[in-house]
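One-letter residues, chain by chain:
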Amino acid sequence: MTQEKFAYLFVPGRVDGDASMRNQLGGKGALLAELARIGCPVPAGFTLTTAACLRYLKEGEAFLQSLRPEVEAALAQVEQATGMQFGGADNPLLLSCRSGARRSMPGMMESVLDLGACPRTIEGMLNKTRNKRFVYDAYRRLIMMYADVVLEKAAGLDPPEGQAIRAQLERIMTGLKMFRMCETDVELIGDDLEQLCHVFLKTVHKVLGQPIPSDPHEQLWNAIVAVFKSWNGKRARAFRRMEGIPDHWGTACTVQQMVFGNMDDNSATGVAFTRNPATGENIFYGEWLPNGQGEDVVSGSRTPWPLNTETLQKGDYTENGHELTTLETAHPEPFQELLSIRSKLEHHFQDMQDIEFTIQQGKLYMLQCRTGKRTTTAAVNMAMDMQAEELVDEETAVSRVPCEHLDELLHPMVDPAVKDQIEPLGEGLPAGPGAATGQIVFSSEEAVRRVAENKHRENEKGVPVILVREETSPEDIEGMQAAAGILTTRGGMVCHAALVARGWGKCCIVGAGKLQVDTGNKRFYAGNQCFAEGDVLTLDGTAGLIYPGSVPLKDGTGHPRFQQFMHMADRHRKLGIRANAETPKDVQEAIDLGAEGVGLFRVEHMFYGRGSEGPLLVLRKVVLSVTEDEREDALRDLFPYFKQSVKATLAITARLPVTIRLFDPPLHEFVPRKDAECEKLARSMNLEIDDVRQRASALHETNPMMGHRGVRLGITFPRIVEVQLRAILEAAAELDADGVSAKPEIMVPFANDPAELLSVKKVLDEIASDTRRRVGQVDYTFGTMIETPRACFVADQLAEIAEFFSFGTNDLTQMTFAFSRDDVDRFMGDYLSQRILHADPFQTIDQLAVGELMRIAVQKGRARRPGLKIGLCGEHGGDPASVKYCTTLGLDYVSCSTPRLPIARLAAAQSAVHDR
Ligand code: PEP
Ligand code: MG
């Protein structure tokens, strides 16, 4: 039996690992091996595998004994490669010992640097560098880290706040700085640091009862053990729980030669990106510090200098009026080497890299390299550039832009440059994308009034307002439309406000439960802060954050290559993408954003918003009718509204498919609530106002979402369905006669049983015959929404009648979880924070149950009717993970609100690329 290998070397001439070994060597170890493998100057070292960590945690000391010879052999190779000796007096080698799991767990585990510094090696280092400050600074860092990581944390000690050894040593150092009247560590001279090291050594021994070992091998060995143990440290365990990282992964431990950017003036350190991470521009971009350590660059303790001329031109790199020197100028040789490494890395990894480097006495070393984070603008630009440079193929380029972040390009956003500097006053659910600033108003009327009052010219937008409500209802629609942003304290991701806002691409935050709205007094409270009407508020609807006052916004829409990128993505997509839209204007906008049809035309849209007074009044008459005659009169008046609305949209969609869904909401949603509205209705129906109220209250339902809605309405009131069907078919026939091809897909909402579909289909066929006779040719298909678990289980029977299915996953989720979509905000936050659920099922399809029901429906439906067209039109149609799931299920299309179309298109393309 071959013995398991635990130590993987990376020294010039021998590299055992590579980038594919992340699971064994951790992310850091695998990438260092890869860098060394492709010939980059990496300080020599070796990585102990995650398996070694797990074996140690299980078997303890016994395992360490068996590991020892392998570690010693690896160390000997490092010594040979560097020509230095660990613990040697003449040319002492110092080592770092770092943790690294297969997935990044930033700062959650431990590392110890400068191992090997001890009285014997200090002499050698002093002789070699003639830099006392540098040598004792390294030693004091070792003492601090070793005491903290090995003697305290790994020993399981948990001192009270402020009593930890690191805090105690830091206090001593601060005291010394005060005594020396220094502001920064750098001002302490070699003698100060030598003295500090003596005090540190004594303090550690006194506080922890153990000395810092003066045997470098003992230091190293204990540091390795401490790194292994840090896998089970408090922070690491908590982080793993939060991130869902399994306990059985373990951490690797990389032991590597220390190199120093702070050894002398011929030394430096820096970080760089192989392309500009903010814009994507193909320029080498980075910062450096002469005579410094990596952490000085990233911590911001010193102002970094520009890497090269290109970086210099991007920012303000001056100190006391003088331009800071570039690395290109100060260290031309290592810079040239870095430049060729930049190109090597991009060709090797085929992506933008984020690198860390150190120059020690004129020699360049690469310390780290990983895929660089970038803004979405940069991601799009880089993907297009790299594809044009033939660095990557189209499929890869398409996969390079995270679709969740496309929103950034399509809406104004809070300027990322200031985001971290301002404190939000509260948060809610990110219901509608982008950001908005405006004056607070508490009613729809006031929103409309203020915007109009401040609008001096046609086409001017007026002063923006933020509509703040406990929740919104259809009656608020005009105010919602007028407002730049909407904020509610109640509601979940598919409540009224959220649906409407997202449909318009309007900035909206819902369910901000910690705010208290006092509409009567026109105030709202966030903790002890009070905001009144007219005060200014900024909403970040993408993040769900609420800021007081005006916050600088950035226009994210001007992205010249966005269209190009989307067309490239479309070439790889198989899933169709449609929009949920109704009016010709909205539908045109959707087509412009790439919609290939309308997946959900909700006929009831005409009863909401501007211009809805006429049809709404008539609908209210229908709803409150008690006699057949009354209802018949009202329905006659309603017909032209239906027909006009359908015809206008069918006229502009021409050959594109349009799914028109019959009336769905419970009738009570349309009864008037305000006195003035009740009076108006009473007058037009020749009734007393009390009669109106009485009839309205008779429509009250205890559980309207599970009540008299959808196809059920037509079972009780078939004439309501007939009027709609006639309007749709007449509109289509008239267009056809005019040479405009219109083939509506007529869809029944909320069906549970084939008998329900049959009852509608029968009427539909009759009306179609009549229309053909009276008007002319008409073509249509008939289908159903799948919105209840029962519908999924009887999908085969439904498919006997329905020619297409469309999943209404908003209702299907509501009905599967028994979570009310309008009230779910009350507990969803807790479910998510306690990780009872990992994602809001109203945003991302719950694959376990809702997704499984969909799978059953697809399978049964297509078994009965091969090739059955199946789409999805719930809010999930704009959610990347859900779109990907729909591809897996073999759906034909998803339909989403217009602003989410690019996200859906890209998600579908990526999922096709991934499957290939
Ligand atoms: C659904 O339930 O997913 C759906 C699209 O219908 P609505 O949101 O109109 O109920
Ligand atoms: Mg529905």
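Further up the page is the structure itself.
Because the structure is predicted, anything quoted here is derived from the model rather than measured.

## Focus on the overall build of the protein
What the protein contains, in helices and strands, is 36 helices and 36 strands. Its C-alpha atoms give the protein principal-axis dimensions of roughly 105 × 65 × 50 Å. Every one of the 916 residues in the protein was classed for burial, and the buried ones make up 55%. If you take every contact in the protein between residues at least 6 apart in sequence, the share linking residues at least 24 apart comes to 69%. For the protein, the computed accessible surface area is about 39,100 Å², with 49% contributed by carbon and sulfur atoms. Within the protein, the 125 negative side-chain charges are centred at a point lying 2 Å from the centre of the 101 positive side-chain charges.

## Digging into the coordination of the magnesium ion (ligand 2)
The protein atoms donating to the magnesium ion (ligand 2) are Glu787 (OE) and Asp811 (OD), with metal-donor distances spanning 2.0 Å. With Glu787 in the loop between β33 (781-786) and α30 (789-793) and Asp811 in helix α32 (residues 809-817), this residue pair connects regions lying 24 residues apart in the sequence. Asp811 matches Glu787 in its accessibility class, with the two residues each being buried.

## Overview of the sheet that holds strand β19 (residues 435-441)
Here we have 8 strands laid out as an open sheet, ordered β17-β27-β26-β19-β20-β21-β22-β18, and mixed in their pairing. Where the open sheet ends on each side, the last strands, each with one partner, are β17 (426-427) and β18 (429-432). The pairing of β19 with strand β20 (residues 465-469) spans 3 bridges and is classified as parallel. By the bridge assignment, Val441 is partnered in β20 with Leu467.

## Here's the deal with the packing of aromatic side chains
Given two aromatic rings, one states the distance between the centres and the angle between the planes to describe the pair. A complete count under the given rule lists 15 aromatic pairs for this structure. An aromatic cluster of three or more residues is present, and its members are Phe607, Tyr608, Phe642, Phe663 and Phe670. One Lys or Arg, Arg578, reaches over the ring of Tyr893 and ends 3.9 Å from the middle of that ring. The aromatic ring of Phe750 is capped on one face by Arg709, whose charged end is 3.8 Å from the ring centroid.

## Here's the deal with the sheet that holds strand β9 (residues 268-273)
Spatial strand order, β11-β10-β9-β14-β15: 5 strands in an open sheet with antiparallel pairing. The sheet is open, and its two borders are formed by β11 (305-306) and β15 (363-371), each paired with just one other strand. In the packing of helix α13 (residues 332-349) onto the sheet, contacts are made with β14 (353-360) and β15, and the angle to β15 comes to roughly 30 degrees.

## What to know about the site of ligand 1
Around ligand 1, a shell composed of 14 residues is seen, among which Arg602, Glu787, Gly808, Asn810 and Arg821 lie nearest. With respect to ligand 1, the side chain of Arg661 contributes an N or O atom lying 2.9 Å from an oxygen atom. Measuring from an oxygen atom of ligand 1, one finds a side-chain N or O atom of Arg821 at 2.9 Å. Of all the secondary structure elements, the ones that give two or more residues to the shell around ligand 1 are β30 (598-602) and α32. Residue contributions to the shell around ligand 1 peak at 3 residues, all from α32.

## Details of the packing of helix α35 (residues 880-889) against helix α36 (residues 901-915)
It is at 9 Å that the axes of α35 and α36 come closest, and there the two elements cross at 50 degrees. What the angle tells us is that α35 and α36 run oblique. Our pair here, α35 against α36, has a crossing hand that is right-handed. Residues Pro880, Val883, Lys884 and Thr887 of α35 lie in contact with α36, whose contacting residues are Ile903, Ala904, Ala907, Ala908, Gln910, Ser911 and Asp915. Along the lines of polarity and charge, the residues of the contact of α35 with α36 split into 6 nonpolar, 3 polar and 2 charged.

## A look at the nonpolar core
One finds Phe565, Phe607, Phe805, Phe807, Met854, Leu891 and Leu906 to be the most contacted residues of the largest nonpolar core, which totals 123 residues. The element contributing the most residues to this core is helix α28 (residues 718-737), with 11 residues. The residues touching Phe607, leaving out its near neighbours within four places in the chain, are Ser612, Pro615, Leu616, Leu619, Leu638, Phe642, Phe663 and Phe670. In terms of nonpolar packing, the next biggest core, distinct from the first, is built from 79 residues, Met144, Val225, Phe239 and Met258 among them.

## Examining the pattern of salt bridges
Inspection of the entire model under this criterion finds 61 salt bridges. In this structure, Arg374 and Asp351 form a salt bridge, with 3.0 Å as the shortest nitrogen-oxygen distance. Here Asp351 lies in the loop between α13 and β14 and Arg374 lies in the loop between β15 and α14 (376-388), a separation of 23 residues in the sequence. Given the relative accessible area of 23%, Arg374 is considered partly exposed. Among the residues examined, Asp351 registers a relative accessible area of 9% and is labelled buried.

## A few points about the side chain of His605
Locating His605 in the fold gives a position in the loop between β30 and α23 (613-624). His605 gets classed as buried once you look at its relative accessible area, which sits at 17%. In contact with His605, other than residues within four places in its own chain, are Glu582, Thr583 and Ser645.

## What to know about the state of the cysteines
Taken as a whole, this structure holds 0 disulfides when the rule is applied. Looking at the unpaired Cys403, the closest cysteine sulfur is the one in Cys896, lying at 12 Å.

## Here's the deal with α28
Here α28 spans 28 Å end to end across 20 residues, near enough to the 28 Å set by a 1.5 Å rise per residue. Following α28 by one or two positions, Gly739 has its phi on the positive side, about 85 degrees.

## Details of helix α6 (residues 165-179)
Over its 15 residues, α6 extends 21 Å from the first C-alpha to the last, a length consistent with the 21 Å expected when each residue adds 1.5 Å. Here α6 has its buried residues at Ile165, Gln168, Leu169, Met173, Leu176 and Lys177. Close packing links the buried residues of α6 with α5 (132-153) and α7 (190-208). Two residues or fewer past α6, Met181 is found with a positive phi of approximately 55 degrees.

## Focus: unusual backbone geometry
Negative phi values dominate among residues other than glycine, just as trans dominates among peptide bonds. Phi is positive for Arg130, which is not a glycine, with a value near 50 degrees. Mapped onto the secondary structure, Arg130 falls in the loop between α4 (119-129) and α5. Take Arg130: its relative accessible area is 69%, and that puts it in the exposed class. Although it is not a glycine, Asn686 adopts a positive phi angle of roughly 60 degrees. Secondary-structure assignment places Asn686 in the loop between α25 (675-685) and α26 (689-698). Exposure remark for Asn686: the relative accessible area of 74% places this residue in the exposed category.

## Focus on the packing of helix α21 (residues 562-570) against α36
Two numbers describe how α21 lies on α36: the axes approach to 8 Å, and their chain directions differ by 40 degrees. The angle between α21 and α36 places the two elements in the oblique class. The handedness of the crossing between α21 and α36 is left-handed. Residues Phe562, Phe565, Met566, His567, Ala569 and Asp570 of α21 form the contact with α36, whose participating residues are Pro902, Arg905, Leu906 and Ala909. Looking at the contact of α21 with α36 residue by residue, the classes come out as 7 nonpolar, 1 polar and 2 charged.

Criteria and thresholds
- Residues numbered from 1 in each chain as written.
- Chains lettered and ligands numbered in written order.
- Predicted model: local features only at pLDDT ≥ 70, side-chain atom pairs only at ≥ 80, totals over all residues.
- Heavy atoms only, no water.
- Helix = DSSP H or I, 4+ residues; strand = E, 2+ residues; numbered from the N terminus.
- Buried < 20%, exposed > 50% of the residue type's maximum accessible area, 1.4 Å probe, protein only.
- Contact = heavy atoms within 4.5 Å.
- Areas by Shrake-Rupley, 256 points an atom, 1.4 Å probe, with all protein chains shown as cover.
- Lys, Arg positive; Asp, Glu negative; His and termini not counted.
- Charge placed at Lys NZ, Arg CZ, Asp CG, Glu CD.
- Donors = N, O, S within 2.8 Å, 3.2 Å for Na, K, Ca; no water.
- Pairing = 2+ DSSP bridges.
- Phe/Tyr/Trp six-rings, centres within 6.5 Å; stacked < 30°, edge-to-face > 60°.
- Lys NZ or Arg CZ within 6 Å of the ring centre and 35° of its normal.
- Axes fitted to C-alpha atoms, helices over the stretch in contact; angles between N-to-C directions.
- Near = heavy atom within 4 Å.
- Polar contact = N/O pair within 3.5 Å; in protein donor to acceptor, adjacent residues only side chain to side chain.
- Parallel < 35°, antiparallel > 145°, perpendicular 65-115°, else oblique.
- Left-handed = near helix turned anticlockwise from the far one by under 90°.
- Nonpolar A, V, L, I, M, F, W, Y, C, P; charged D, E, K, R; others polar.
- Core = buried A, V, L, I, M, F, W, Y, C linked by side-chain atoms within 4.5 Å.
- Salt bridge = Lys/Arg side-chain N within 4 Å of Asp/Glu carboxyl O.
- Disulfide = S-S within 2.5 Å.
- Expected span 1.5 Å × (residues − 1).

Nothing here speaks to function; it is all geometry.
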